[in-house]
Every structure is written in C-alpha cells, then in structure tokens.
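# Secondary and tertiary structure notes
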Amino acid sequence: MITEENNLWESTPGLCKEIPKITAYIPENKAYEGAVVILPGGGYAMRAPHEGEGYAKFLAENGMCAFVVDYRVAPHRFPLPLLDARRGVRYVRHFADKYGIDKNKVAIMGSSAGGHLAALTSTYYEGIEFEGMDEIDKEDFIPNAQILCYPVIKLLGAKVAHLGSGQNLLGSELQVKMCEELSPDLIATEKTPQAFIWHTFEDGAVPVYNSLDYARRLKDMGVDVEMHLFPRGGHGMGLAPGDTPIHKNVQQWGGLLLNWLKLIEF
C-alpha cells in the first residue's frame, strides 16, 4: 500500500490559514475500479483516526483506492466543511487517471458527523462561496454512491438529533430553517446517489432513527439502499475491533460493504 498526502488547494480558500489535506491510500493490487472519499467522524469538532485512516487501510488492503479528507471542523463553520468535502470528490475525479480509477465510480463515506457531511455532499446542491477557483472545481461534486456509518442526519429535534454536531457546524444558536435545509432526510431527491448504511439499535449518541429516516426518504425518492442494523453496540465502533460477541457481530459490516461495492460494479 502506498500513501500520499497533498493539499486540497494550492492556496487556502475561506480566508483561513489552515490548508485542508487529502491523503491517498493506494493498494498494491487493485480489485476495484472505483474509489472512496472518506470523511471521519468527530461531531464537527475533531476527526477520528479510526474512522479515517482505519477505514482507508481496510479498503486499500482489500484492493480499493481510498482518500481521507481532513475537512475543517470547529471553530470553522458551514459551509467550509462542505466545501472541503466537495473538493475531495472533485480532487479524486480530476486525478482519476493518475490513480488508475474510474472517475464515474467515486463513493463518499462518513461516520457520525462525517456521515452527515457525506450525506450532505450527496443531497445539498446549492452553490457555496469559494467554489470555481480552478480546473479541479470544474468536476462534479456529487458522488456516485454514499457509505454511511451510524450517521448524524438530524441537527435539531428531541430524541433524534445530535445537537453537538449542529452547534459545531452552525454555532450555538441553531436556527430551525437552517437545520432543516441541512437535513439530508428532508432534501434528498431522485438525483441522490445510492447508499449503504449501517447503525446499531443501542447507539445512545446518534439514535438509529437518523438512519431509518434517511433510508425512508431515499426509498420514497426511488434511490437504492442497502441497510444493516445490529441489535447491540455503542456509538463510534468503526470497524469494531474486539473479540466479544457484540464486536464480532458488528464486524460483519466490512465484508458486507465490500460485497455491495461489487454489486454496484465499483
């Protein structure tokens, strides 16, 4: 496996000194034509390595190119994380020939708040500031598939939303209208890409209703969904390393994901 880190931009957009990075994980023996752009979780306050590098190594070890985006988090606010996520998809498509992948087979993957950002990249199509800066930005930002691991979908709502993610993304005073505009289960359309989703019923941080509501919306829009719900297990399990029966049960999702990627001809 080869790793390669690059800047998402030559110069920093968004009046920010921090230049977001993208790290490529290239397998020695590729088994897939497509690639996955990964957005780690962390409540829009941090980026959890096991949901970034951990996933990327798993995918690369199984023959798929993976790219981890170090998107901006708090104190940076919307739309900067979305700008970085879109740029990640565009970057991979722009350099598809370099990495030997099909630019029309690019999936986006996210866990928890990273799942919200992945779903938002798949559903929110309004233009945002600082786009259109160069040739890379001419690429389409809408992915061909989305992979969501225990995703935040709701930013506001009793017993459903993850308020911390909403506050870090939008500020402490959450406005209902803005939260609704950034809720993928309310804005998904027929154009939204197909999805692989998994969650646990025991998740006490991001209730399973987030995934259920999003899957129902996609079904209503005629978008294909493969969904796996595990009865036990807490939040943020990632690849679920461990030897307990609960961990071994949740670990199945990795193999199920690889099968799904073959099913959709990636």
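Everything here concerns the structure above.
The paragraphs below set out a description of the structure included in this document.

### Some thoughts on a nonpolar patch on the surface
- Residues Phe 201, Tyr 209, Leu 212 and Leu 229 make up a contiguous nonpolar surface patch of roughly 370 Å² in combined accessible area.
- Counting through the fold element by element, Leu 212 comes out in helix α8 (residues 209-220).
- Judged by relative accessible area, which is 30%, Leu 212 ranks as partly exposed.

### A closer look at the side chain of Asp 137
- Tracing the backbone shows Asp 137 in the loop between α4 (113-123) and β6 (145-149).
- Residue class for Asp 137 comes out buried when judged on its relative accessible area of 8%.
- Separated by 2.8 Å, the side chains of Asp 137 and Arg 87 make a polar contact.
- In terms of polar contacts, Asp 137 uses its side chain to reach the backbone amide nitrogen of Gly 132, at 2.7 Å.
- If we ignore the near neighbours within four places in the chain, the residues touching Asp 137 are Arg 87, Arg 90, Phe 130, Glu 131 and Gly 132.

### Regarding helix α1 (residues 53-61)
- Those residues of α1 not exposed but buried are Tyr 55, Ala 56, Phe 58, Leu 59 and Ala 60.
- On the buried face of α1, the contacting elements are β2 (21-26), β3 (35-39), β4 (65-69), β5 (106-111), β6 and α10 (252-263).
- Taken from the residues just after α1, Gly 63 is the one with a positive phi, measuring 95°.

Calculation notes
- Per chain, residue numbering runs from 1 following the sequence as it is written.
- With the structure being a predicted model, the display of local features is reserved for residues of pLDDT at least 70 and the display and counting of side-chain atom pairs for 80 or more, all residues being used for whole-chain, interface and lining totals.
- For the side-chain quantities, the full set of heavy atoms in the structure was used; hydrogens and water were omitted.
- Patches in this entry comprise residues that are over 30% relatively accessible and not in a salt bridge; like charges within 9 Å are linked, as are nonpolar side chains (Val, Leu, Ile, Met, Phe, Trp, Tyr) within 5 Å.
- Here the Shrake-Rupley method, with its probe set to 1.4 Å, supplies the accessible areas, and only the displayed protein chains count as covering residues.
- Salt bridges are counted wherever a side-chain nitrogen of Lys or Arg sits within 4 Å of a carboxyl oxygen of Asp or Glu.
- Numbering of helices and strands runs from the N terminus; a helix is a DSSP stretch of H or I covering at least four residues, while a strand is a stretch of E covering at least two.
- Whether a residue is buried, partly exposed or exposed follows from its accessible area with a 1.4 Å probe, protein chains only, as a fraction of its type maximum: under 20%, in between, or over 50%, in that order.
- Polar contacts, as counted here, are pairs of nitrogen or oxygen atoms within 3.5 Å of one another; within protein the pair requires one atom able to donate a hydrogen and one able to accept it, and residues that are adjacent in sequence qualify only if both atoms are side-chain atoms.
- Throughout, a residue-residue contact means that at least one pair of heavy atoms, one from each residue, lies within 4.5 Å.

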